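Topology and contacts: notes
Single-letter residue listing:
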Amino acid sequence: MRLVFANNLNKQKTNENSSIETRCSKNLKVAILVRVSTAKEEQKSSLDTQKKIFTRMCEENNWEIYDIYEEVESGTHTNRKGLNQLINDAKEGKFNLILAKELSRLARNVPLAYQLREILNKHKVHLKTLDGAIDTLNGDLDKFGLYAWIYEQESQKTSNRLKQTFRARAKEGEFNGSEPPYGYYLKDKKLYVRDDYEVVKRIFNMYLQGKGFDAIARQLYNESIPTPAQLKGKSNASDKWHGSTIKVILTNPHYTGTLVQCRDTKPSVTDKRQPLPESEYVIIENAHEPLISIEMFNTVQELIISRSRIRPQAEVHLFTNTIFCADCGRGMHFKKNRKGYVCGNFNKHGSKACSDHFIKETELEEIILNDIKSIAQQMDLDGLIDRVIKQLESNTKNNTNRLSQVEQNIEKLKKQKVQLTSLLADNSIDIEEYRLTIEEINKKIDDLMSDKLKLEKSKDQSKRERKNMKQLKNELKEYIHFNKLTPEMLHRLVDRIEIKEDGSPKIYYRFANDFLNE
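This report concerns the structure included in the present document. All values reported here derive from a predicted model rather than from experimental measurement.

Cut-offs applied
- Residues numbered from 1 in each chain as written.
- Predicted model: local features only at pLDDT ≥ 70, side-chain atom pairs only at ≥ 80, totals over all residues.
- Heavy atoms only, no water.
- Pairing = 2+ DSSP bridges.
- Helix = DSSP H or I, 4+ residues; strand = E, 2+ residues; numbered from the N terminus.
- Axes fitted to C-alpha atoms, helices over the stretch in contact; angles between N-to-C directions.
- Contact = heavy atoms within 4.5 Å.
- Disulfide = S-S within 2.5 Å.
- Phe/Tyr/Trp six-rings, centres within 6.5 Å; stacked < 30°, edge-to-face > 60°.
- Buried < 20%, exposed > 50% of the residue type's maximum accessible area, 1.4 Å probe, protein only.
- Lys NZ or Arg CZ within 6 Å of the ring centre and 35° of its normal.

Further remarks concern the sheet that holds strand 1 (residues 29–36). In spatial order, the strands read 2-1-3-4; together these four strands make up an open sheet with parallel pairing. With partners counted over all chains shown, the strands left at the sheet margins are strand 2 (64–72) and strand 4 (126–129), one partner each. Across the sheet, the axes of successive neighbouring strands diverge by a mean angle of 20°, strand direction being ignored. Sitting on the sheet, helix 2 (residues 81–91) touches strand 1, strand 2 and strand 3 (97–100), and the angle it makes with strand 2 is about 150°.

Here it is as structure tokens:
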């Protein structure tokens, strides 16, 4: 017995190693962790010393302090209130740099070191220790990596044991997945045929009859057949079948009554899953009741392979990516046999999803050409362009003045933040007062930065529009004599086209705001 696997055409993906950014930012938000082992007076004074050193460091580097996490307990404990809060805040992106006196202040056991390394990798949080042993701002992760490596070895051993367990269960004919294939239900690690199994048989038969993935999906959707996601009770389940779902069903060997498991693996706990060669699959024949024969399954796989051969690139038609259905918003598809465009939703899912909204390509082309000619002939182009340019120049001048004022206000607020850090370092204010004031200033800066971006964008847009006015004038004059709509002309003048149910178009011209509202 031999099974054919169409899915083995997938290419192997190479792992990409991601590195921590090493550039030192001048706008870092800092979390400071200070810890001593006991509550003795001499150690309590060490807390104040650590705070003083770190606040001065933040002041010198223009770093903003998010919070100071204080601990008086052993670094070997895993349930530490201060460190746990720091970890939770890091995961929520409340800061991007951790300062500590030395690594032992953060963790003396491997699990905590590994957890902190995960924060650095996943949440882009840097770590800098006062003793210079670790400074991820400059790419120094050597000692930190050693802690994580030790823990990874333990995790790898656990992973290997689980792999052996799953492989042993697979050899016993148990289904290892959490969700059974469509048409089956799971009980005591075994697959049993569900009442709607006939849908699976229909899918295989329709494919053998020549229908493609999308055509099968469209037919099931129009017949209101529940989708796999609906049967599983997923909250975001759609009633639309998709070609990708059909392919998953058609390439699943479990429908032959044969369990084929352990088809991929993770080489290590930090790697992505990778496919295994067929020789390492765990295959158990007659593990459950089949829905289709092995012969039918193999025939379907061979058809999938033959139909997936490289095809010529799809032809891009004049209105591709410009024309949309006015009702459902879906892009329109060109139909060669009708020489026009139909709603993409209708084309893929049928009349249950939407109507065709059909329009001929030549008809739409003629409408747009006539519009352009009419507009160009009726407008006083010279006078209109002069007025538009004058207005754009006035807008640019106003935006420049406003932009200068916004930038001055931002600089003033940044100086206030530096002054606050100095007050905190001198114990003139407490950390809570510092945080509240900093949050208020940051909100003002964010609002100003938003205004700045809008003004810069408006200024650049006005500059571009002034430059394009004369070009637009010349183009419109030239278009009066055109008898064919070219792609360059279309995309230069038309932003979007919507087709109503009766086939009539609504055309959004790019120059409408500049001229038609004059």
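So, about the sheet that holds strand 12 (residues 332–335). A sheet is described by the order of its strands in space; here three strands give the open sequence 12-13-14, paired in antiparallel fashion. A single partner strand is all that each edge strand has here, and the edge strands are strand 12 and strand 14 (359–360). Two elements, strand 12 and strand 13 (residues 340–343), share four bridges in a ladder whose sense is antiparallel. In the sheet register, Phe-334 faces strand 13, and the bridge partner there is Tyr-341.

We now examine the state of the cysteines. Scanning the model with the defined rule gives zero disulfides in all. Here Cys-325 is not disulfide-linked; the sulfur of Cys-328 is the nearest cysteine sulfur, at 3.7 Å.

What the rule picks out here adds up to nine aromatic pairs. Between the aromatic rings of Tyr-182 and Trp-241, the centroid separation amounts to 5.5 Å while the plane-to-plane angle is 85°, which identifies the pairing as edge-to-face. One end of the pair, Tyr-182, is in the loop between helix 5 (142–171) and strand 5 (184–187); the other, Trp-241, is in the loop between helix 8 (228–231) and helix 9 (243–250), with 59 residues separating them in the sequence. Neither residue differs from the other here; Tyr-182 and Trp-241 are each classed as buried. Look at Phe-319 and Tyr-341: their rings are 5.8 Å apart centre to centre, the planes differ by 80°, and that puts the pair in the edge-to-face class. With a gap of 22 residues between them, Phe-319 in the loop between helix 10 (294–307) and strand 11 (323–325) and Tyr-341 in strand 13 connect regions that are remote in the sequence. Assessed through its relative accessible area of 1%, Tyr-341 is described here as buried. Among the aromatic residues, ring-to-ring pairing joins Tyr-66, Tyr-69 and Phe-95 into one connected group. Seen from the ring of Tyr-221, Lys-352 lies directly overhead, with NZ or CZ sitting 4.8 Å from the centre. Between Arg-496 and the ring centre of Phe-324, over which it is positioned, the NZ or CZ distance is 4.1 Å.

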